[in-house]
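Okay, here's what each chain looks like letter by letter:
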Amino acid sequence: MEMSEQKTNAAGAAAAAGAAGAGAAAGSNTLTSGNAAASDPANAHAELPQFSKNEKKEFNVRCHIHEARELQPREDSGISDPVCYVTVNGAKQHTEVKKKTLNCTWDHCFFWTLKMNQSEFENCKVQIDVFDANTIRRNVLIGATSVDLSYVFKQDRREVHKQWAVLTDTTGEFEGVQGYLQFSVAVSPEGEALPPPRTEEDDDDSVDFKDLDLQSLVLSGPQIPLQEYLLNVKIWKAEGLPKTDRNGLADPFVEIKFGGRRHKTQVCKKTLTPVWNENIMLPCSLPSLSDRIEIIVYDWDTVGNDLICANYFSFKQILDRGWGPGWLNMYGVPGGDCSEKADPYNRGFVEGTAWRGRFYLQLTAHPAYKPKLSTKHLPAIKPPHEEPYVMQVDLYEGSEIVESNSQITVEFEIGSASLPAVKSKKSASRGSARFYKQIEGIINIPHDINWNVPEVAPDLIVNVYTRTWTGGKQRAGYLRLELVDLYGFSNEPKWYTLKADEYGRKYEESELPGALLMNINFGKQSECPEARDPMVPLEIVKYELRCHLYQGRNLPAADANGLSDPYVTVRIGGEQAKGKVETETVNPTYYTTLKLKVSLPTPLSMAPPVTVMCYDYDRASADDLMGRFTFPIEQATADMPAMPQWFPLYMDDPDVTEGELLCSFQIIPYDLAKKIPIPESIEPRRVDCYFEINAIGLRDMVPYNLMDISNPQVEFDIGGKDSRVVTTPGKAKVEGRSAALLETLHTSVRLPVKETFAPMINVRVFDDRALGRVLVGSASIPIAPYLPWAKESAKAERLARIMPQGQQAIEEAKRKEQEEAEAKAKAAAEEEEKKRANPDRDDVGTAMVRIDIDADDDDPNKVLMGDGEEKKHQHEGFDSDDDDLADYLPVQEQELTMDGDEDSKAESESEESEDEPIEPELPKAPPLPAELEMAIADDIPFEFFELYLGQSRGLNYFEQMLAKDKKTGNRRVTGTLKARFRVIENAKLMYAEDPIDLRKLYRPKQYVVRVYILKGHQLTPQDSNGFSDPYVIVSTGQHTTTKKEGGLVEKTNDPEFFKCFEMRAQIPGDPLKITVMDHDALDPDDEIGSTVIDLENRFFSPKWQEMDPKPIEFRTLWTDVSKSPQGKLEMFVEILSKSDAKRTPPRVIAPPPPKEFELRVIIWETKDCVLKDGDKSDIFVSCMLDDMDRSDRQETDSHWNSKDGSGSFNWRMKFPVVLPKTSSRLKIALWDKDLLSANDQLCEAIINLKRFWKQSYKSGKGFIMDEKWIKMYHPAVPNVVQGQVKVTIELLPIAEANARENGFGRSEPNKYPKLDPPDRPDDSFAPWNVAGWAKLGGMKMFGFGKKVFYIGLGFAVLIVVLKLSGALPF
């Protein structure tokens, strides 16, 4: 038998997936080279998130559109109305429309929360399109760019920060650069917060206005070196396409996508061997974030095209070395299925299980000058010469094959041909089949194939079929092997584990695809040995396999009560042993040995692996599989292993585990088994200890059968061979859905010396009902972290459970500290240099420190603390006064200004000057980068343990349909247990001094809790405008603040609250919950996120007691609808006794007040303006701040009929300014006035006033830049001056502005300075100005006469039209 198969260095589906994961994006376009070259997309796949099979993970994506510059106009007037659309995974959002501009600032953040599997993530991109908005017509594309999400994920902080991208027209209508866009994109995986916005380095605040060149403040487009390229894709023909149409043929065509551009070949009708002979040329440019070239094959249909197959390439690799010409093999599902179910396989998102044809093509890329999208015809080409290769297969046995009580058939396919099928000698028995056959075939492969490059050879697909009851066949599993891994004629037999064919069949939980024992050799025919060794049956030896089964922990819940009845089976070589059932537990203790008499081949490396399966026993239905693992039998020994091993259990994907079994294995020749007896006991050595439980209470218990808990009891079962069970007495004080237990329980236990054998603490919560006790929740808690002799790693697991987000916050804090240390060192060096240069400089003013208005709100270390004397806040003496708290002032929310305390106010007024802002009383301790619990993690006395009901295994069909998550089933949290555990080695230590005062613990008392909410950071937006309207709700068990008290801040994701809330709280008992809500005018308010603070853990923590003052912390907000953080709150908390609260007023944390200024701009004159109307222009000038509405834009009058581009105005404009403010840009534009059409923009300039805003705010003084010339440009004419304007820019404090009042334009009061009438020629007047015409002596100027004639003609035509339509009464 001979078959022909041709394949060169094609990247198979695995290579395509690698390219996809390497940061390839099927979008446009270019951006600055700094970040674009920071990571090689082709070499960083390992940095991407790790997915298990079919797993979907949650990702948060943030795209911040900053600004656009030098956009190319799309309107005849030389202007546009830009709007930016951002699309991620099909979800589209857009900015507001900026009217009549080519340079605009949006400063708009977009957020997405997406659930994606690995292929979806690797193929996801952020597509950004800038349009010229139109009211009636469709928006017109100005330019587009995109960035691949996997590329962003690999960058520092998983962020592309403030990148300038070149916008290009992906429609091909306009060539070259269409403008520049600055944007940031960040991505965070499930459970991780998005990176905080970066802190920009401050400019030098000292500005010399006298010598300042105003032109240096004019913003221009970024200078991005752009190299243009042409991507050539030559497609000649294809072979072996699947039959997708009813006529048994197809109508194929190929589409090429790259850089936001796409192009198609012609459609070849009714053929499976199409010939195109086309060269598709796609223009592209570098630097670029787009690396992914898509080659997609479709079947043309009248209604909709069907995707046949697809493959992907890296543009970087094509640019480096090209590809082909050669055969590219495509894979997908068997047959011609193009359905939605088959689409992920045919696209290459999921590994293809069948060959779908091959394509002869070539890809190259080279620099080009103004490349254009085009196609040209190619001459036919002859494929390269092929040489024969030999494949030899020795097929021995099959094991654990699904539904294998029938004859097994194995088929081998390579491309369109196949090796002879092999059938088992007889029907398989219990998953085992015997073949013992040799097959061989000849494969023709191109002679110049590069075997040093992986994934360039054809793939061998091995299909294993079982017979159905109708006599047909069904695939039990498959293998897809690369020939490069099989190369050589000296390979040894090995077991190949089959992959599940999830496209072709549905597997039961207990079914395995199986495994095959094969020896596959492959190589050139010239290298093949002349004689092939005959296949010798393997020697079969009888063994005794011993599985020492110790215990299990955290097994999946398979019963509705959240527990299971687990037992274990051990399978190998068709034999099976079953262990005993442990009832109602997910932490069984077995300490037993299972043994099997098995016949296995030798050497044992030829034997199949041991399969250990864990089931849940059910009386009325089939037992449910809870998980499995396999163990290579050759790793077992005849000797008793010194230590067992924990094996994680999985269902079908080894990367997705739940539960563990502690086991070890022995394999002994059967005739020696009696000489090696089984140990009488495999239990570990134990020591006597005492176990102490401080049961504090139950929190947030979910109603059971619609009824709240009434009299709960908690049962603690310290597992192990000698388990001990203790139960709370059932006298809990129930308040709502919480219950205060406040009990201390002791019991003696025997615990293992080695923590590997440490048992679990099984917690069960019962509640009394009319018909008896019912189980309302259970939990499994490892005891190992509480063992005094436990290793640090075990104790670290407890800390990780307490604060799972802590490590990330610590690493982020360390990075920030390093950056700030470097910045401070640099600043100190510069300051020292200034002192040397000016030793007489007065530094007295530096003692007054305020919050830096330009500090990045998301950077906790940018909060500056006051250096003045601070009042002592007392936190000791909690038991100093037992009077009723009602005698104290009413618990209320206070706005933190000095108005809250008259004495403090008077003292402040005596010490502060009238113009000085009130100094905030922020704690002097360094802010913590995360929750305060991280600082006291090893000192937190109590822990929360979640209680569960429901099951993740054993669901029936309807329960599976109702389950929100297939992985967790209907298993749900029913509440939490708060408790403390201690293991005490010596009885004498039982009553030793406890670090916790149990008298305080068990005697609840009222305290005053002050919650200082400073700021919110990166709150997840809830409104369509990309922002929220946040306010704060604070609650304890006794009081909840109202919406009115919550300090509503409109339209922001980084609110500044600066609020203090004083609350009553009972300790122990009351939790503190802070919730951030989003205000909605019509709909119900949305919860942004919340954080809960355990007051008891703080109150009873010695470390927290020692902290004075309490530090600022950054608390993460969470919500039930997402596993990702929803932002952070910058805050701190104080707990005071009544007497301390009376003596100590709340801290003053009000931010520095805003300052009012007035910006005055005088337009003196223009020159060198382009002449828009042939030989003249009618010039006027407009000015506006970038955060103003366009309706507030101010304009000069018009200088008519300028023939040399000069204009005289002497025109004053005034704008109110409140500092501090984030926007700092002044836009000045020159226009040509048109009467019958839209005005034409001649040029514009954007002046960045950020440095002046900052200096004026800090000093309280203004500035002036007098009579400065500014060169102005237009994007349509790059680097060519289109006009100049002379301006004066002055900023005055509002008091000075009121004292020096003047009018707009040249109106009264015309002073500071007085503006004279403009010096204009006699022919500079409006066409309707009769006095101007009289002065010139009638129709002297032909140009103006013509304009008046057309105006009159236009009015006449209008009157006639209105008359004919009946609109006029006369």
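From a predicted model like this one, the values you see are computed outputs, not experimental measurements.

Here the focus is the overall build of the chain. Within the chain, the secondary structure is distributed over 18 helices and 62 strands. Looking at the 1370 residues of the chain, the share that counts as buried comes to 54%. In the chain, once contacts between residues fewer than 6 apart in sequence are set aside, the share between residues at least 24 apart is 73%. Element-wise, carbon and sulfur atoms account for 50% of the exposed surface of the chain, whose accessible area totals about 61700 Å².

Using the criterion set out here, one finds 33 aromatic pairs in the structure. With 4.3 Å between their ring centres and 10° between their planes, Tyr 1012 and Phe 1132 make a pair best called stacked. Here Tyr 1012 is found in strand β47 (residues 1005-1017), whereas its partner Phe 1132 is found in strand β53 (residues 1128-1136), with 120 residues between them in sequence. Over the ring of Tyr 465 we find Lys 473, and its NZ or CZ is 4.3 Å from the ring centre. The ring of Tyr 567 is capped by Lys 578, whose NZ or CZ atom sits 4.4 Å from the centre of that ring.

With that settled, the discussion passes to the nonpolar core. Residues Ile 65, Val 86, Val 126, Ile 128 and Leu 181 are the most contacted members of the largest nonpolar core, which totals 41 residues. Broken down by element, the residue count for this core peaks at six residues, all from strand β6 (residues 104-116). Filtering out sequence-adjacent residues up to four positions away, Val 86 remains in contact with Cys 63, Ile 65, Ala 91, Lys 92, Gln 93, Phe 110, Trp 112, Val 126, Gln 127 and Ile 128. Ile 1179, Ala 1245, Phe 1263 and Met 1272 belong to the second largest nonpolar core, which has 39 residues in total.

What follows covers unusual backbone geometry. The linkage connecting Glu 1308 with the following residue, Pro 1309, adopts the cis geometry, with an omega of -5°. Here Pro 1309 is to be found in the loop between α16 (1294-1299) and α17 (1330-1336). That bond from Tyr 1312 to Pro 1313 is cis: its omega, -10°, falls within 30 degrees of zero. Here Pro 1313 shows up in the loop between α16 and α17. Phi angles above zero are rare outside glycine, and Asp 107 is one such case at about 50°. Following the sequence through the fold, Asp 107 ends up in strand β6. For Asp 107, a relative accessible area of 39% gives the class partly exposed. Residues other than glycine seldom take positive phi values, yet Leu 706 does so here, at roughly 70°. Tracing the sequence through the fold places Leu 706 in the loop between β37 (686-699) and β38 (712-718).

Most of strand β25 (residues 459-467) sits out of view: eight of its nine residues are buried. Two strands pair when backbone bridges link them, and strand β22 (residues 408-414) and β25 are joined in this way by six bridges, in the antiparallel orientation. Across the sheet, Ile 408 pairs through a bridge with Thr 466, a residue of β25. Direction of pairing for β25 relative to strand β26 (residues 473-482): antiparallel, over a ladder of nine bridges. Within β26, the residue paired with Tyr 465 across the bridge is Arg 475. In textbook terms, the turn of a hairpin is the stretch between consecutive antiparallel strands, and for β25 and β26 this stretch comprises five residues, one of which, Gly 471, has a positive phi near 95°.

Of note, Ile 1067 is situated in strand β49 (residues 1056-1067). C-alpha separation for the pair Ile 1067 and Tyr 1007, spaced 60 residues apart in sequence, amounts to 7.1 Å. Excluding its chain neighbours within four sequence positions, the residues that come into contact with Ile 1067 are Arg 1003, Pro 1004, Lys 1005, Tyr 1007, Leu 1095, Glu 1096, Phe 1099, Phe 1100 and Ile 1135.

Our next topic: the sheet that holds strand β15 (residues 275-286). Spatially, β18-β19-β12-β15-β20 is the arrangement adopted by the five strands of the open sheet, whose pairing is antiparallel. The sheet terminates laterally at β18 (323-332) and β20 (374-377), the two strands that pair on one side only. Strand-to-strand twist in this sheet, taken as the mean axis angle between neighbours without regard to direction, amounts to 30°. Here β18 pairs with strand β19 (residues 354-367) via seven bridges, running antiparallel. The residue bridging Gly 326 from the neighbouring strand is Leu 361, located in β19.

Cut-offs used in this document
Residues numbered from 1 in each chain as written. Predicted model: local features only at pLDDT ≥ 70, side-chain atom pairs only at ≥ 80, totals over all residues. Heavy atoms only, no water. Helix = DSSP H or I, 4+ residues; strand = E, 2+ residues; numbered from the N terminus. Buried < 20%, exposed > 50% of the residue type's maximum accessible area, 1.4 Å probe, protein only. Contact = heavy atoms within 4.5 Å. Areas by Shrake-Rupley, 256 points an atom, 1.4 Å probe, with all protein chains shown as cover. Phe/Tyr/Trp six-rings, centres within 6.5 Å; stacked < 30°, edge-to-face > 60°. Lys NZ or Arg CZ within 6 Å of the ring centre and 35° of its normal. Core = buried A, V, L, I, M, F, W, Y, C linked by side-chain atoms within 4.5 Å. Pairing = 2+ DSSP bridges. Axes fitted to C-alpha atoms, helices over the stretch in contact; angles between N-to-C directions.

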